[in-house]
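Per-entry structural report
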Number of protein chains: 2
Amino acid sequence: MNLTISGLRLGGMIGAAPFKPIAPETAGMPLYRAVKRALMQAIEDGRLAPGAAMPSEARLAANFGVSIGTLRQAVGELVAEHIVVRRQGRGTFVARHSAERFLFQFFHVERGDGRREAPTVELLGFERGRLDDEVAEALGRRPGDAAWLFDNRLMLQGRPVAHDRIALPVALFRGLSEKRLHDRPGTLYRLYQDEFAITVVRALERARAIAVDRATARVLGVPPGAPVLQLRRIALSFGDKPVEYRVSTVHTAVHDYVQTLVRPG
Amino acid sequence: MNLTISGLRLGGMIGAAPFKPIAPETAGMPLYRAVKRALMQAIEDGRLAPGAAMPSEARLAANFGVSIGTLRQAVGELVAEHIVVRRQGRGTFVARHSAERFLFQFFHVERGDGRREAPTVELLGFERGRLDDEVAEALGRRPGDAAWLFDNRLMLQGRPVAHDRIALPVALFRGLSEKRLHDRPGTLYRLYQDEFAITVVRALERARAIAVDRATARVLGVPPGAPVLQLRRIALSFGDKPVEYRVSTVHTAVHDYVQTLVRPG
DNA sequence: CCCAATTTGTTCGTATGTATA
DNA sequence: TTATACATACGAACAAATTGG
């Protein structure tokens, strides 16, 4: 992957410069923050693709003209935010939206006994529609903007546990289709990442208890009016840019909604 | 605070040694982890009291015989876990359970518009009883062990939003009384910390939607059978030792239950 | 108001250990 | 085995915030 000529490593010299110099608007910001920004920008722009190995820390430090300690501080924050992954002896990689990441960062439902497993997903409906006021507001768009609207049913151990209604701005997801959605090999967020260059980095989630409506009750196989958990999620990309709005209805008789734990060490 | 004799700093030499030497069972563990352990042990034992200033980083490094960088790595993890707080120019302090900490780390209810405020608390009942099987299991105790059982009602803007049923093992909270509970000046966890030397460092929380029972409905001012959020929380101290079990019933018509966000930077 | 002392925050550089290919 | 990568540990210097004189 790294071109060498008679032992002389090139790297940044080949083709377009892989990293922009530290931006001027980073004045007053600690150097490691500026470096972090530059790295995030590179990921956002696609100069560093998901799954790709980043240049080594030594190389990056030289590239930015900072010490290795400063560079590690920048990368350390990216690791804490699950944007990159470090593997000793191998390298540092731009995080991909794998099934594991979905399970631990974005799927907050688990069995009453605390066991976790990946749900199977079933696409129930897909259409092109418009954003209503509330969703448009949440996504930072105008009411009436074109949107993809679709439904998933999530099953665990063969039982329906959740119904997701998802809204995506067409402006961000041009060319999405029911077929592409249905045929995707990995998680939904992996599809966003691979096909639309949109990386979900975190999500805001609010929960409340409601009486389930008739249509959702049928999907979940519960009596109409039963108490269910309703989650409203805004998925955010870099710079906290909202990219997805989702309403999940969760049947919490057998499963629970769990807080994600902050567990250093 | 620091005794000096003709410019020679003493510190650890005066009185009881403030920190134990690196324990032998830390073999194979990185040095900074061993240092972190020793610091946590000092907090746990009360040699470093909540709110107290720790010795400066330079002094601690000398005390442990490690470099300042290694010491900072240890303290950095304690900061990430909210066990200590660093303040530039002032020092590093053992974190206390203030109203702010409660609000941001342990109180996950906020208004629909996203605004957060501290609830007012009302003690509804207090008795000495026994742990049932489920709670005993969660607290790592034997069924039938003596326990304090009490109820709080939480209000926001004058409206009831939550009802908490709390169970504490008497073995850990000897001498608790309704009066001490009622007269406490700060948060509940502050009381645990100041009066019983028990520091809650994190909590596991599971949520489900249920139909509210008659008694709780009265407390919350909602119709019996209305859908409400039920939270079961196990509060943990150092070494993930469970110290409190709590069942909260939350009225989520006006307020939401929110995920705590992991927000570096 | 300014100065000096103290403390954490940032940045640098080097050396060595450990995991991976 | 060798080379490469990240992980740990050391130490030094200066910046920035705070406190007290």
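The structure displayed is predicted, hence computed values, not measured ones.

All names here are of chain B. When you tally the buried positions in strand S7 (residues 146-156), you get 8 out of 11 residues, the bulk of the element. Inspection of the sheet shows strand S6 (residues 120-130) paired to S7 by 10 bridges, in the antiparallel sense. What sits directly across from Gly129, in S7, is Ala147. Pairing of S7 with strand S8 (residues 159-169), which is carried by 10 bridges, proceeds in the antiparallel orientation. Pairing of Leu149 across the sheet is with Ala167, part of S8. Between the antiparallel neighbours S7 and S8 lie 2 residues, among them Gln157 with a positive phi of about 55 degrees.

Our focus in this paragraph is the protein's contact with DNA strand C. Around DNA strand C, the surrounding shell holds 21 residues, and the nearest of these are Leu31(A), Tyr32(A), Thr70(A), Glu57(B) and Arg86(B). Interatomic distance of 3.1 Å between a backbone N/O atom of Tyr32(A) and a phosphate oxygen of DNA strand C. Gly89(B) places a main-chain nitrogen or oxygen 3.2 Å from a base oxygen of DNA strand C. The set of elements that each furnish at least two residues to the surface near DNA strand C consists of helix H1 (31-45) and helix H3 (68-80) of chain A together with helix H2 (57-64), strand S3 (84-87) and strand S4 (91-94) of chain B. Each residue belonging to the surface near DNA strand C can be placed in one class, and the counts come to 5 nonpolar, 9 polar and 7 charged.

All names here are of chain B. Remark: H2 packs on helix H3 (residues 68-80), axes separated minimally by 9 Å, with the N-to-C direction vectors making an angle of 105 degrees. With respect to their mutual orientation, H2 and H3 come out roughly perpendicular. Contact residues: H2 offers Glu57, Ala58, Leu60, Ala61 and Phe64, while H3 offers Ile68, Leu71 and Arg72. Each residue belonging to the contact of H2 with H3 can be placed in one class, and the counts come to 6 nonpolar, no polar and 2 charged.

On the side of chain A, 34 residues touch chain B, which itself brings 35 residues to the contact. By the criterion of area lost to chain A, the three top residues of chain B are Arg206(B), Ala209(B) and Gln259(B), representing 23% of everything that side buries. Where chain B touches chain A, the interface holds 8 salt bridges. In this structure, Asp256(B) engages Arg208(A) in a salt bridge whose closest nitrogen and oxygen atoms are separated by 3.0 Å. Between the two partners, chain B and chain A, sit 18 residue pairs in polar contact (both at pLDDT 80 or more). Counting residues per element, the ones that place at least two in the side of chain B that touches chain A are H3, strand S5 (109-111), strand S9 (202-211), strand S10 (227-237) and strand S12 (255-258) of chain B. Among the elements that make up the side of chain B that touches chain A, the one with the highest residue count is S9(B) (9 residues).

Here we take up the sheet that holds S9(B). Pairing in this open sheet of 8 strands is antiparallel, and the strands run S5(A)-S12(A)-S9(B)-S10(B)-S11(B)-S8(B)-S7(B)-S6(B) from one edge to the other. With partners counted over all chains shown, the strands left at the sheet margins are strand S5 (109-111) of chain A together with S6 of chain B, one partner each. Across the sheet, the mean angle from the axis of one strand to that of its neighbour is 25 degrees, orientation sign disregarded. Together, S7, S8, S10 and strand S11 (241-250) of chain B form the strand contacts of helix H7 (residues 188-196) of chain B, whose direction differs from that of S11(B) by roughly 160 degrees.

Attention now moves to the relation of the copies chain B and chain A. Expressed as a screw operation, the relation of chain B to chain A combines 0.1 Å of axial shift with a rotation of 180 degrees, fitting to an RMSD of 0.1 Å. Taken together, the rotation and translation relating the two chain copies correspond to the operation of a two-fold axis. Here 97% of the contact residues of chain B are again contact residues in chain A; the copies associate through an equivalent surface.

Before going further, it helps to examine the sheet that holds strand S7 (residues 146-156) of chain A. Backbone hydrogen bonds hold the strands of a sheet together, and the pairing may be parallel or antiparallel. Strand order across the open sheet formed by 8 strands is S6(A)-S7(A)-S8(A)-S11(A)-S10(A)-S9(A)-S12(B)-S5(B), with antiparallel pairing between neighbours. Looking at which strands have only one partner, the edges of the open sheet turn out to be strand S6 (120-130) of chain A together with S5 of chain B. With strand direction ignored, the average angle separating the axes of adjacent strands in the sheet is 25 degrees. Inspection of the sheet shows strand S9 (residues 202-211) of chain A paired to strand S10 (residues 227-236) of chain A by 10 bridges, in the antiparallel sense. Within S10(A), the position partnered with Leu204(A) by the bridge is Ile234(A). Here helix H7 (residues 188-196) of chain A sits on the sheet in contact with S7, strand S8 (159-169), S10 and strand S11 (242-250) of chain A, set at roughly 165 degrees to S11(A).

In this section: the packing of aromatic side chains. Residue and element names in this part refer to chain B. One pass over the structure, following the stated rule, counts 15 aromatic pairs over all chains. With a centroid separation of 5.2 Å and an interplanar angle of 85 degrees, the aromatic rings of Phe106 and Tyr189 are classed as edge-to-face. Of the two residues, Phe106 is situated in helix H4 (residues 99-106) and Tyr189 in helix H7; the sequence distance between them amounts to 83 residues. You'll find Phe106 and Tyr189 in the same group, each marked buried.

Bringing H3(B) into the picture now. All names here are of chain B. Over its 13 residues, H3 extends 18 Å from the first C-alpha to the last, a length consistent with the 18 Å expected when each residue adds 1.5 Å. Those residues of H3 that sit buried are Thr70, Leu71, Ala74, Val75, Glu77 and Leu78. Take H3 and look down its axis: the buried residues cluster within an arc of 150 degrees, on one side only. Along its buried surface, H3 packs onto helix H1 (31-45), H2, S3 and S4. Phi turns positive, to about 60 degrees, at His82, one or two residues after H3.

Conventions used here
- Residues numbered from 1 in each chain as written.
- Chains lettered and ligands numbered in written order.
- Predicted model: local features only at pLDDT ≥ 70, side-chain atom pairs only at ≥ 80, totals over all residues.
- Heavy atoms only, no water.
- Buried < 20%, exposed > 50% of the residue type's maximum accessible area, 1.4 Å probe, protein only.
- Helix = DSSP H or I, 4+ residues; strand = E, 2+ residues; numbered from the N terminus.
- Pairing = 2+ DSSP bridges.
- Near = heavy atom within 4 Å.
- Polar contact = N/O pair within 3.5 Å; in protein donor to acceptor, adjacent residues only side chain to side chain.
- Nonpolar A, V, L, I, M, F, W, Y, C, P; charged D, E, K, R; others polar.
- Axes fitted to C-alpha atoms, helices over the stretch in contact; angles between N-to-C directions.
- Parallel < 35°, antiparallel > 145°, perpendicular 65-115°, else oblique.
- Contact = heavy atoms within 4.5 Å.
- Buried area = accessible area lost by both parts, 1.4 Å probe.
- Salt bridge = Lys/Arg side-chain N within 4 Å of Asp/Glu carboxyl O.
- Least-squares fit on C-alpha atoms with pLDDT ≥ 70 in both.
- Phe/Tyr/Trp six-rings, centres within 6.5 Å; stacked < 30°, edge-to-face > 60°.
- Expected span 1.5 Å × (residues − 1).
- Arc of directions from axis to C-beta.

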